[in-house]
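Here is how the chains run, residue by residue.
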Amino acid sequence: MSNNDETDVMSGTRKRTHQLLVTTALRLFEQGMLPTVSELAAHAGVSRATAYRYFPTQSDLISATVDASLAPIIAWKPTPEDNTQQRITELLNLAYPQMFKHEGALRGALQVSLQQWAKERQSSEYAEKRFIRGHRKEILLKVIEPLKAHYPQEMWDKVIKSFSLIYGSEVFLVMKDIWKMDDQQVIDMTQWMAKAILNQAKSDYPADND
């Protein structure tokens, strides 16, 4: 076997191990667990040393599982000719079913984020790597792109920030846990709010339609 062949085999092995760990983590999250890296290793049937090579901290583990959960959303590309209303409708229809599919992982990510915030408040010496939540800005920038050609920055800046309050795991926590909505009701409500945001923005800033 050549050196290149050996590299390919190792690469494949690493990918399979990584996939095993992420799949196991997603399953544990859906069972209501918030696994440490050591606990993940035990459930996946690999050594702790192996698991820590892939995920040195729990934050790394959470980031990987969240990225896996949201992969279709992160990869989403709107149709170029779509306007902002069509884009936010498309995004919400794609995103929320995917979030509901991995609700356990997203709730776990929120829990870890809150726990880390509390520990930082309690001790200035807290040095654990923070779980950094991302992707929302980049995804919503795709949504509001058509507005930029027709409206001032002040307007679309308000729109993207408002959209960030109707798109995300915190949103379905409020609607499900407080208002007891089912999945479709959550989607319908966020779609209604998206229309309200755009209607108000266009009322405040009359211009050519996007």
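Residues numbered from 1 in each chain as written. Predicted model: local features only at pLDDT ≥ 70, side-chain atom pairs only at ≥ 80, totals over all residues. Heavy atoms only, no water.

A. Spotlight on the pattern of salt bridges. Under the criterion given, the structure shown has 8 salt bridges. The partner of Glu103 in a salt bridge is Lys176, with the nearest N and O atoms 2.8 Å apart. In this pair, Glu103 is assigned in helix 7 (residues 103–122) and Lys176 in helix 10 (residues 169–178), connecting sequence segments 73 residues apart. Neither Glu103 nor Lys176 differs from the other in exposure class; each is buried. Measuring nitrogen to oxygen at the nearest pair gives 2.9 Å for the salt bridge that ties Arg136 to Glu170. Separated by 34 residues along the polypeptide, Arg136 in helix 8 (residues 136–144) and Glu170 in helix 10 bring together distant segments of the chain. Residues joined in a network through salt bridges with shared partners are Glu103, Arg107, Lys176, Asp177 and Asp183. (Salt bridge = Lys/Arg side-chain N within 4 Å of Asp/Glu carboxyl O. Helix = DSSP H or I, 4+ residues; strand = E, 2+ residues; numbered from the N terminus. Buried < 20%, exposed > 50% of the residue type's maximum accessible area, 1.4 Å probe, protein only.)

B. Focus on the packing of helix 4 (residues 58–69) against helix 7. Contact geometry of helix 4 with helix 7 gives a least axis separation of 10 Å together with a crossing angle of 150°. Our classification of the angle between helix 4 and helix 7 gives roughly antiparallel. Of the two elements, helix 4 crosses helix 7, and the hand of that crossing is left-handed. Residues Gln58, Ser59, Ile62, Val66 and Ser69 of helix 4 form the contact with helix 7, whose own contacting residues are Ala105, Leu106, Ala109, Val112 and Gln116. Its residues placed into classes, the contact of helix 4 with helix 7 shows 6 nonpolar, 4 polar and no charged. (Axes fitted to C-alpha atoms, helices over the stretch in contact; angles between N-to-C directions. Parallel < 35°, antiparallel > 145°, perpendicular 65-115°, else oblique. Left-handed = near helix turned anticlockwise from the far one by under 90°. Contact = heavy atoms within 4.5 Å. Nonpolar A, V, L, I, M, F, W, Y, C, P; charged D, E, K, R; others polar.)

C. Representation of the packing of aromatic side chains. If you walk through the whole model with that rule in mind, you get 2 aromatic pairs. With a centroid separation of 5.7 Å and 70° between ring planes, the pair formed by Phe100 and Phe172 is classed as edge-to-face. Of the two residues, Phe100 sits in helix 6 (residues 84–101) while Phe172 sits in helix 10, which places them 72 residues apart along the sequence. What makes Phe172 buried here is its relative accessible area of 0%. By the ring-pair criterion, three or more aromatic residues cluster together here, those being Tyr96, Phe100 and Phe172. The residue whose ring lies beneath Lys148 is Trp156, and the NZ or CZ to ring-centre distance is 4.8 Å. (Phe/Tyr/Trp six-rings, centres within 6.5 Å; stacked < 30°, edge-to-face > 60°. Lys NZ or Arg CZ within 6 Å of the ring centre and 35° of its normal.)

D. The confidence of the model for the chain, seen in detail. Here the chain averages 89 in pLDDT, and 89% of its residues register 70 or above. Note that residues 1–10 has pLDDT below 50 and, in this model, 2 contacts with residues that lie over four places away or in other chains. (pLDDT = per-residue confidence, 0-100.)

E. Quick peek at the nonpolar core. Of all hydrophobic cores here, the largest spans 53 residues; its most connected members are Leu91, Tyr96, Met99, Val159, Phe163 and Tyr167. Among the elements that take part in this core, helix 6 stands out by supplying 7 residues, more than any other. In this structure Tyr167 touches Ile73, Leu91, Leu92, Ala95, Tyr96, Met99, Arg136, Ile139 and Leu140, once residues within four positions along its chain are discounted. (Core = buried A, V, L, I, M, F, W, Y, C linked by side-chain atoms within 4.5 Å.)

F. Geometry of the UniProt feature "DNA-binding region" (unreviewed entry) in the chain. The residues that UniProt annotates with the feature "DNA-binding region" (unreviewed entry) are residues 36–55. A helix fraction of 75% and a strand fraction of 0% characterise residues 36–55, whose end C-alpha atoms lie 10 Å from each other. (UniProt positions renumbered as here; feature names shortened; annotations may be inferred.)

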